[in-house]
Amino acid sequence: MNHIGQDVISDTTKSVSPVIASMGPEKQKTLLRTMNCVGIALHSGEKVSLTLRPAEAYTGIIFRRIDIPGSKEIVASWDNVVDTRMCTTLGSEDGVTISTVEHLMSALAGCGVDNVYVDVNGPEVPVMDGSAQPFVFLIECAGLLEQDAPRRVIEILKPVRVEIGDKMAELIPSDTFSVGFEIDFESEVVAKQEITVTMVNGSFKKEVARARTFGFMHEVEQLRAAGLGLGGSLDNAVIVEGDKVLNEDGLRYDDEFVRHKVLDAVGDLYLAGGVFLGSYKGVRSGHALTNQLLRALFADKSAWRYVDFAEESAVEVAPKEAEVVNLVAATA
Ligand SMILES: [Zn+2]
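All values reported here derive from a predicted model rather than from experimental measurement.

Draft legend 1. How the structure looks around the sheet that holds strand 7 (residues 89-91). Pairing within the open sheet is antiparallel, and its 3 strands lie in the order 6-7-8. Strand pairing shows two members of the sheet lacking a second neighbour, strand 6 (81-83) and strand 8 (97-98), which therefore form its edges.

Draft legend 2. Focus on the sheet that holds strand 9 (residues 116-120). Pairing is mixed in the open sheet, where 5 strands are placed in the order 2-3-9-4-5. Looking at which strands have only one partner, the edges of the open sheet turn out to be strand 2 (35-40) and strand 5 (74-75). Examined bridge by bridge, strand 4 (residues 61-65) and strand 5 share 2 bridges and lie antiparallel to one another. What sits directly across from Phe63, in strand 5, is Ile74. Contacts from helix 3 (residues 133-142) reach strand 2 and strand 3 (47-54), with the element oriented near 165° to strand 2.

Draft legend 3. Spotlight on helix 2 (residues 102-111). Of all 10 residues in helix 2, 10 are buried, a share of seventy percent or more. Those residues of helix 2 lying buried are Glu102, His103, Leu104, Met105, Ser106, Ala107, Leu108, Ala109, Gly110 and Cys111. Lining the buried residues of helix 2 we find strand 4, strand 9, helix 3, helix 4 (203-208), helix 6 (256-269) and helix 7 (287-299). Of the residues one or two after helix 2, Gly112 is the one with positive phi, at around 75°.

Draft legend 4. Spotlight on the nonpolar core. Membership of the largest hydrophobic core comes to 80 residues, with the highest contact counts inside it found for Ala107, Leu108, Val116, Val118, Ile139, Val262 and Val266. No other element matches helix 6, which puts 7 residues into this core. Formed jointly, this core draws a minimum of three residues from each of two domains, domain 1 (1-20 + 152-212 + 252-332) and domain 2 (26-151).

Draft legend 5. Helix 3, seen in detail. Most of helix 3 sits inside the fold, with 7 of its 10 residues counted as buried. Taken together, the buried positions of helix 3 are occupied by Gln133, Pro134, Phe135, Val136, Leu138, Ile139 and Ala142. As for helix 3, its buried residues are in contact with strand 1 (27-31), strand 2, strand 3, helix 2 and helix 4. Gly143 occupies a position one or two residues after helix 3 and carries a positive phi of about 80°.

Draft legend 6. Structural detail: the packing of helix 6 against helix 7. Direction vectors running N to C along helix 6 and helix 7 enclose 35°, while the axes themselves pass 10 Å from each other. Between helix 6 and helix 7 the crossing geometry is right-handed. Packed against helix 6, whose contacting residues are Asp264, Ala265, Asp268 and Leu269, the element helix 7 presents His287, Thr290 and Asn291 at the interface. Tallied by class, residues from the contact of helix 6 with helix 7 come to 2 nonpolar, 3 polar and 2 charged.

Draft legend 7. Main features of the environment of Asn236. You can see Asn236 is positioned in the loop between helix 5 (217-225) and strand 17 (238-241). The spacing of Asn236 and Ile40 is 196 residues in sequence and 9.3 Å in space, taken between C-alpha atoms. Setting aside residues no more than four positions away along its own chain, Asn236 makes contact with Leu42, Val127, Met128, Asp129 and Gly130.

Draft legend 8. Local environment of the packing of helix 2 against helix 3. Where helix 2 meets helix 3, the axes come as close as 8 Å, and the angle between the chain directions of the two elements is 45°. In terms of orientation, helix 2 lies oblique with respect to helix 3. Every pair of crossing elements has a handedness; the one defined by helix 2 and helix 3 is right-handed. Only Phe135, Val136 and Ile139 of helix 3 make contact with helix 2, whose side of the interface consists of His103, Leu104, Ala107, Gly110 and Cys111. Here the contact of helix 2 with helix 3 is composed, by residue class, of 6 nonpolar, 2 polar and no charged.

Draft legend 9. Representation of the pairing of strand 1 within the structure. Taking burial as the measure, the 5 residues of strand 1 include 4 buried ones, the bulk of the element. Both strand 1 and strand 10 (residues 144-150) contribute to a ladder of 4 bridges, which runs antiparallel. Residue pairing for strand 10: Lys27 is matched across the bridge by Pro150.

Draft legend 10. Structural context of the environment of Thr84. Within the element layout of this structure, Thr84 appears in the loop between strand 6 and strand 7. When the C-alpha positions of Thr84 and Asn291 are compared, they lie 8.2 Å apart, and in sequence the two are 207 residues distant. Ignoring anything within four residues of it in the chain, the contact list for Thr84 reads His287, Ala288 and Asn291.

Draft legend 11. Representation of the environment of Tyr270. Along the chain, Tyr270 turns up in the loop between helix 6 and strand 19 (275-283). Along the chain, Tyr270 and Trp78 lie 192 residues apart, while their C-alpha atoms are 8.4 Å from each other. Setting aside residues no more than four positions away along its own chain, Tyr270 makes contact with Met105, Leu108 and Ala109.

Draft legend 12. Looking closely at unusual backbone geometry. Non-glycine residue Met86 carries a positive phi angle of around 70°. Turning to its location among the elements, Met86 is positioned in the loop between strand 6 and strand 7. Using a count of 17 C-beta atoms within 10 Å as the deciding quantity, one classes Met86 as partly exposed. Residue Arg284 is not a glycine yet carries a positive backbone phi of 50°. Along the chain, the position of Arg284 falls in the loop between strand 19 and helix 7.

The rules behind these values
Residues numbered from 1 in each chain as written. Predicted model: local features only at pLDDT ≥ 70, side-chain atom pairs only at ≥ 80, totals over all residues. Pairing = 2+ DSSP bridges. Helix = DSSP H or I, 4+ residues; strand = E, 2+ residues; numbered from the N terminus. Contact = placed C-beta atoms within 7 Å. Axes fitted to C-alpha atoms, helices over the stretch in contact; angles between N-to-C directions. Buried ≥ 20, exposed ≤ 12 C-beta atoms within 10 Å, placed from the backbone. Core = buried A, V, L, I, M, F, W, Y, C linked by C-beta atoms within 7 Å. Domains from an automatic or database assignment. Left-handed = near helix turned anticlockwise from the far one by under 90°. Nonpolar A, V, L, I, M, F, W, Y, C, P; charged D, E, K, R; others polar. Parallel < 35°, antiparallel > 145°, perpendicular 65-115°, else oblique.

Have a look at this one:
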């Protein structure tokens, strides 16, 4: 567990939360240089090119459909989410959309990228290997540039929860950002899995980034029949049939399934437009419920606030304590 004692906080930092004070005024970041990759779109099966370009401080993450000249920019924001079936789809005011943004958003969150233009020449972000790792690699190849502006931190002040049937998603106050998830499937190979990952010290890259999306064979057949998932294959998803994983090389983590749900949640939460100081917990949750959670959060002004860096005082109290990765595996 990561504990930073209240006792390090002096009176001069009243408005600064303990962890923020200990982190010091973290700066916004963009990429050092432009990077490109080409991959397959999961649903159309077509080849698509993705280019990440550096952007000024306070730009945020902006998608641009370069195959539609004159189309408006699509801001990566929770209130621009127009579809959450299968994946997260964002739309601009002129109705142009970009789908399957969540794995890239997750990589940008995990690598701490605040400002970037994402140019795509089709309606979907390429699926790559079904995880966030190829995007992490792309970002690392680009390098990060620190900008002269503080990062936007969203502090959760009171619990906010949304539920649909047996599905639940919530954000609760915490002195770190952590994402916990619980899934429960009938298939023995997936079964009940639970994990909590605290996003510090490279834990995203190590514990989350490589977890691939997954699906069940009967769903794949249904999708194909509906003309969807045409780009899906054992190269970009873990496919389960009955109680068996069909991928020859097996799993990347024993509990890859729940880790992928964490990956998705990190990406969907980054549509909040800042870094959370709070804990997310999802039980059988998904893109739709996480988006509803953000809508519920931002509808309640008493549930959150932007943390203001009181820079000088934060620096004064800024002994950066070694933060410990808190990885709580299944309750077992
Ligand atoms: Zn996913």
